[in-house]
Amino acid sequence: MKKWYAVLGNPIHHSISPKMHDLWFQQNAIDASYIPIFVERDKLQETVVSLALLGCSGFNVTVPFKEEIIAYLDELDASAALAGAVNTVVRRDGKWVGYNTDGLGLLANIPNLSHDSRVLLVGAGGAARGIVAALSQKGIKDVTITNRTSEKASRLAQEFEVNEMNLSEVSAIFSTFDVVIQTTSVGMDSLETPLSNPNWTSSMLAVDIIYSPPETVFLKQARQQGATTMNGLSMLIGQGALAFELWTGIQPDQQEIRKTIFRHEG
Ligand code: ATR
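Residues numbered from 1 in each chain as written. Predicted model: local features only at pLDDT ≥ 70, side-chain atom pairs only at ≥ 80, totals over all residues.

Caption draft 1: Just the site of the ligand, in detail. Neighbouring the ligand are 14 residues; G125, G126, R148, T149 and T184 lie closest to it. Top element by residues in the shell around the ligand is helix α5 (residues 126-137). It accounts for 3 residues. Here the shell around the ligand is built from residues that sort into 5 nonpolar, 7 polar and 2 charged. (Near = placed C-beta within 6 Å. Helix = DSSP H or I, 4+ residues; strand = E, 2+ residues; numbered from the N terminus. Nonpolar A, V, L, I, M, F, W, Y, C, P; charged D, E, K, R; others polar.)

Next comes the structure, spelled out in structure tokens:
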């Protein structure tokens, strides 16, 4: 029987997930489809119950439901329990099992990431939490969190037993980091960057979770100073690829969809 999958969100019209998963189903000759579902803010539980009744095999969850969804699932994978949020749900033996592929999908696409990598995270909100959780799951311990509001960074750092540093102190040791991940929304609709006077070197990698615009000021400064850069498409496609693998057991090709999105965006 034809399988079907969905993404639940509010809003949902801009999601590229249907395009991405439909392409991967096609490329792998899987008879399945993937539909976006707009969910009213107070109708998440009813929607999840309906999806089970209608034979849905799995779904993604996006803003604003990634935390609330947990209450309506039967089991949580470690990735979701650690992150405190779910973006992927699998129907298994009549149960809804929640995962979080956001952080792990991003890390999977960072080249040369190893147990010894020194990682700086800028920001301490929900996105940062997902990435710190994934770093912890991968056994990457040399992690520092910096944030405009340092109390939030301290709380997150304490919870995951990593370091915290004031933004003003970070400048002095900035170039000792191998990877710097920008997790805030700064730069999405402004020409701002959360870092003042970063000192990039050519051995460093700058990662921004923002993909629109494709190059934020944070990434532009990094590129101009010789660092390697990676925008948020890697996270968007990486989380989708891991979700696809959870549903089908197949690791999809990420190149074709990258080209398709670029055409779409540009
Ligand atoms: P998300 O779930 O997308 O991570 P969030 O939980 O609201 O969103 O967190 C937003 C992050 O962006 C926070 O780290 C926030 O810093 P504060 O904790 O100081 O609020 C950061 N952020 C938002 N606007 C910012 C700005 N103009 N400059 C620096 N950091 C900013």
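Next comes the rest of the account.
Caption draft 2: Just the pairing of strand β8 (residues 143-146), in detail. Of the two faces of β8, the one carrying V143 and I145 and the one carrying T144 and T146 are both buried. As defined by bridge partners, strand β7 (residues 119-122) adjoins β8 across 4 bridges and the pair is classed as parallel. Looking at β8, one finds that V119 is bridged to V143. Tracing the backbone out of β7, into α5 and back to the parallel element β8 gives a crossover that is right-handed. By the bridge criterion, 2 bridges tie β8 to strand β9 (residues 163-164) in an arrangement that is parallel. Residue pairing in the sheet places T144 in a bridge with N163 of β9. Read as a crossover between parallel neighbours, the route from β8 over helix α6 (residues 150-160) to β9 is right-handed. (Buried ≥ 20, exposed ≤ 12 C-beta atoms within 10 Å, placed from the backbone. Pairing = 2+ DSSP bridges. Right-handed = clockwise from strand over helix to strand, strands pointing away.)

Caption draft 3: Highlighting helix α9 (residues 233-248). Given a rise of 1.5 Å per residue, 16 residues ought to cover 22 Å, and the 22 Å separating the end C-alpha atoms of α9 matches this to within 8%. Extensive coverage of α9 is indicated by the burial of 13 of its 16 residues. Downstream of α9 by one or two residues, G249 has phi in the positive range, about 80°. (Expected span 1.5 Å × (residues − 1).)

Caption draft 4: Layout of the nonpolar core. Core analysis: the largest hydrophobic core is formed by 73 residues, its most contacted members being L121, V132 and A206. Tallying contributions element by element places α9 first for this core, with 9 residues. Built from parts of two domains, this core gets at least three residues from each of domain 1 (3-100 + 234-265) and domain 2 (104-231). Discounting chain neighbours no more than four positions away, the residues touching A206 are V180, W200, F218, L219, A222, A227 and T229. (Core = buried A, V, L, I, M, F, W, Y, C linked by C-beta atoms within 7 Å. Domains from an automatic or database assignment. Contact = placed C-beta atoms within 7 Å.)

Caption draft 5: Highlighting the sheet that holds strand β3 (residues 58-61). Strand order in this open sheet of 6 strands is β2-β1-β3-β5-β6-β4, and the pairing throughout is mixed. The sheet terminates laterally at β2 (32-38) and β4 (75-76), the two strands that pair on one side only. Here β4 runs beside strand β6 (residues 95-99); their pairing, made up of 2 bridges, is parallel. Paired with L76 across the strands is G98, a residue of β6. Lying on the sheet, α9 is in contact with β1 (3-9), β3, β5 (88-92) and β6; it crosses β5 at an angle near 0°. (Axes fitted to C-alpha atoms, helices over the stretch in contact; angles between N-to-C directions.)

Caption draft 6: How the structure looks around the sheet that holds strand β12 (residues 228-230). Read from one edge of the open sheet, 6 strands run β9-β8-β7-β10-β11-β12, paired in parallel fashion. Two strands in the sheet have a free side with no partner beyond their single neighbour: β9 and β12.

Caption draft 7: Region of the structure containing the UniProt feature "active site" (unreviewed entry) in the chain. Listed under "active site" (unreviewed entry) in the UniProt record, and renumbered for this structure, are K66. With respect to the helices and strands, K66 occurs in the loop between β3 and β4. With residues up to four places along the chain from it excluded, the contact list for K66 reads V61, A85, V86 and N87. (UniProt positions renumbered as here; feature names shortened; annotations may be inferred.)

Caption draft 8: Highlighting the pairing of strand β11 (residues 205-208). Side chains L205 and V207 of β11 all project onto a buried face; the interleaved residues A206 and D208 project onto the opposite face, where all are buried too. As judged from the 4 bridges shared by strand β10 (residues 179-182) and β11, these two strands associate in the parallel manner. Its bridge partner lying in β11, V179 is registered against L205. Sheet topology places β11 next to β12; 3 bridges connect them, and they run parallel. The partner of V207 across the bridge, within β12, is M230. Remark: the β11/helix α8 (residues 217-224)/β12 crossover connection has right-handed handedness.

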